[in-house]
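Examining the three-dimensional arrangement
Here are the chains, one letter per residue:
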Amino acid sequence: MTRDDQTRKAAYAALGWLVVGAFMLPFLWMVLGSFKTTVDFLSYPPVWVFSPTLVNYRQVFGDNAFVRYLLNSLIVAGGATAIGLALGIPAAYALARWRRTAMGIALLAARMAPGIAFLIPLFVLFLQLHLVGSYASLIASHLIFTLPLTVWMMVGFIEAVPVEIEQSALIDGCSIPVMLLRIVVPLTAQGIAATSILAFIASWNNFLFALVLANEQTKTLPVAVLGYIGYTSIQWGTLMAASCIITMPVVVLALCVQKYIVRGLIAGAVSG
Amino acid sequence: MLPALLALALIMAFPLLFLVFMSCHKWSMVGYAPPSFIGLANFAALADDERFIASLWRTLYFAALGLASNIPLGFAIALLLGEDFPTRNILRALLILPMVATPVAMGLVWVVMLDPSLGVVRYLLGFLGISSPPLWLSDAGWVVPTLVAVDAWMWTPMVTVICMAGLAALPVEPFEAAMVDGASTWQRFRHVTLPLMLPTLVVAAMLRVMDLLKVIDIVYVMTGGGPGHASETINLYNYLVALSYDKIGYGAAVALVLFALVLVCSVALARMRRAP
């Protein structure tokens, strides 16, 4: 390697860190803010070095309601992911083996449809069924995006499974569901893991559906966090601590499935 | 397998069919008046709804600003991170964080950062010699560009990730030929990289435009559509009309128009892929 090359690489690295560093600023500010006292939070010019306090986190976790919302988020995202897989894997299998194009068009349409187009009818339906505010209504509504996401991801993984293995299992007398469970699921385990993580993230981050369909007892974290902005005062430090707690799980999960992120996003892992 | 496919079709199609049905009715949840069929009157009323028209133009403005900023910036970052230098994989990993972090939480963090008197954004701009920046979210003229910037922070990385995948899949031969012909770096970019990347850029633009036209979460959280209605996008107006003002049928009509808008804009972009 020549000296020129080295200088160029160093320049690229410096520029890269500068650009990506700028993108990381909100995360840095959120984490710093979550450890600040109100006085530090409200000082200008902003303080970068200060004696950190855990008071914000203590306040968030001391609040029983917050723990409840955390559980709600886990229940809804877990449920929407699990049911999405249970319905999505067989559907993906059927589509992977027969009708690729039709599925592509249908999923693209689902990708374009605004969430509100599903939310309005579902709200009316759940109201008639007296289900508004229930976990069932939240989980069912989140299927609107976890299901297409699961199908889209899984079709790709299932196509990579050699048809011969499936056929020999069928010839040996396996029924299709048994063959799916014994052959296809184990062979696509990694893909299933990636898919569930992306579906979980999509459901965890969803705001609008929970805003409309959840009640005081069942609301999920993105809706609950708005509660820190009161009419009279805003608890800034607590708000930042709560934001950190909400964001942390998805950030960690996303880093585990880095290489599948693009495919997930194309399928609409996150959208209005 | 058939039951699973059926369930899939039912879950996705039933709400949309119900939505079409609702859009032809005067429909409200409060009170005892049953829904009454009014044909296309809801759609006709949209043409006279100034708040709707304004939100429509505002949304198009939002999407145009978003595309104009996200695509060049995302592509530029992809070119940079496509170069081979140490720590590049760490940077690539970090760059996915803005798009997976919970939008509501990050929107609130941005509200804090953009605070006109205490915000860190004001502080940092001071270093660039900008001593009296605009009021960002409380200024009717600045609120949309500011929201576009926050949206760009979240979603430019997606354009980058898509472009990096596209760059990695480009054939080598055209570049070698250009080198042999003595093309400069700029000429290689302009006449080889750019045309070869055009399909990828169109895909990125399509995905972006679908989400830009539907923007709601950050708007709801950061401004609630204000000041006044200065940042009210169609999706937010749609939410308010249908679920706050209880005009369900009318809201259904708005939702269908929004759906159609997304469809038309993405198809228009898709056609660009063949045209140039």
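Residues numbered from 1 in each chain as written. Chains lettered and ligands numbered in written order. Predicted model: local features only at pLDDT ≥ 70, side-chain atom pairs only at ≥ 80, totals over all residues.

Scanning chain A from N- to C-terminus turns up 14 helices and zero strands. Principal axes of the C-alpha set define a box for chain A whose edges measure 70 × 70 × 30 Å. Across chain A, contacts joining residues at least 24 apart in sequence account for 79% of those joining residues at least 6 apart. (Helix = DSSP H or I, 4+ residues; strand = E, 2+ residues; numbered from the N terminus. Contact = placed C-beta atoms within 7 Å.)

Within chain B one finds 13 helices and two strands. For chain B, with 276 residues in total, the buried portion stands at 46%. Sequence separation of 24 or more characterises 71% of the internal contacts of chain B that already satisfy a separation of 6 or more. (Buried ≥ 20, exposed ≤ 12 C-beta atoms within 10 Å, placed from the backbone.)

Residues and elements named next belong to chain A. For Leu253, the location among the structural elements is in helix H13 (residues 236–256). A sequence separation of 128 residues divides Leu253 from Leu125, and the C-alpha atoms of the two residues are 34 Å apart. Not counting residues within four places of it along the chain, the set of residues in contact with Leu253 comprises Ile197, Phe200 and Ile201.

Attention now goes to unusual backbone geometry. A cis amide bond links A:Tyr44 to the next residue, A:Pro45, at an omega of 0°. Residue position: A:Pro45 is located in the loop between helix H2 (38–41) and helix H3 (55–62). With an omega of -5°, the peptide bond between B:Gly226 and B:Pro227 qualifies as cis. Its identity is not glycine, yet A:His130 carries a phi of approximately 55°, on the positive side. Checked against the element boundaries, A:His130 lands in the loop between helix H6 (115–128) and helix H7 (135–159).

What follows is about the nonpolar core. The biggest cluster of nonpolar side chains holds 173 residues, and the ones touching the most others in it are A:Ala92, A:Ile120, A:Val151, A:Leu198 and B:Ala255. With residues near it in sequence (within four places) discarded, A:Ala92 still touches A:Thr150, A:Val151, A:Met154, A:Val155 and A:Ile158. (Core = buried A, V, L, I, M, F, W, Y, C linked by C-beta atoms within 7 Å.)

Within the secondary structure, A:Gly16 is located in helix H1 (residues 3–34). For the pair formed by A:Gly16 and A:Thr81, sequence separation is 65 residues and the distance between their alpha carbons is 35 Å. Those residues in contact with A:Gly16 that sit more than four places away from it in its chain are B:Leu80, B:Leu81, B:Phe85, B:Arg88 and B:Leu91.

Take the interface of chain A and chain B next. Facing 68 residues of chain A, the contacting portion of chain B comprises 73 residues. For the side of chain A that touches chain B, the element with the most residues is H1(A), which contributes 15 residues. Partitioning the side of chain A that touches chain B into residue classes produces 58 nonpolar, eight polar and two charged. (Nonpolar A, V, L, I, M, F, W, Y, C, P; charged D, E, K, R; others polar.)

Residues and elements named next belong to chain B. Where helix H9 (residues 173–180) meets helix H10 (residues 185–213), the axes come as close as 10 Å, and the angle between the chain directions of the two elements is 170°. Of the possible angle classes, the one that applies to H9 and H10 is roughly antiparallel. Note on element contacts: H10 touches H9 through Arg188, Val192 and Leu196, opposite Pro174, Phe175 and Ala178. (Axes fitted to C-alpha atoms, helices over the stretch in contact; angles between N-to-C directions. Parallel < 35°, antiparallel > 145°, perpendicular 65-115°, else oblique.)

This part takes up H7(A). All names here are of chain A. With 25 residues, H7 should cover 36 Å at 1.5 Å per step; its first-to-last C-alpha distance of 34 Å lies within 8% of that length. Along its length, H7 shows its largest kink, about 45°, at Ile144, and proline Pro148 lies within four residues downstream of that point. The buried count for H7 comes to 21 of 25 residues, which makes it a mostly enclosed element. (Expected span 1.5 Å × (residues − 1). Bend = angle between axes of the 7 residues up to and from the residue.)

Attention shifts here to the packing of helix H4 (residues 64–97) of chain A against helix H10 (residues 189–205) of chain A. Residue and element names in this part refer to chain A. Between H4 and H10, the least distance of the axes is 9 Å, while the angle of their chain directions is 135°. By the criterion of interaxial angle, the relationship of H4 to H10 is oblique. Every pair of crossing elements has a handedness; the one defined by H4 and H10 is right-handed. For the pair H4 and H10, contact is made by Ser73, Val76, Ala77, Ala80, Thr81, Gly84 and Leu85 and by Ile192, Ser196, Ala199, Phe200, Ser203 and Trp204, respectively. Looking at the contact of H4 with H10 residue by residue, the classes come out as eight nonpolar, five polar and no charged. (Left-handed = near helix turned anticlockwise from the far one by under 90°.)

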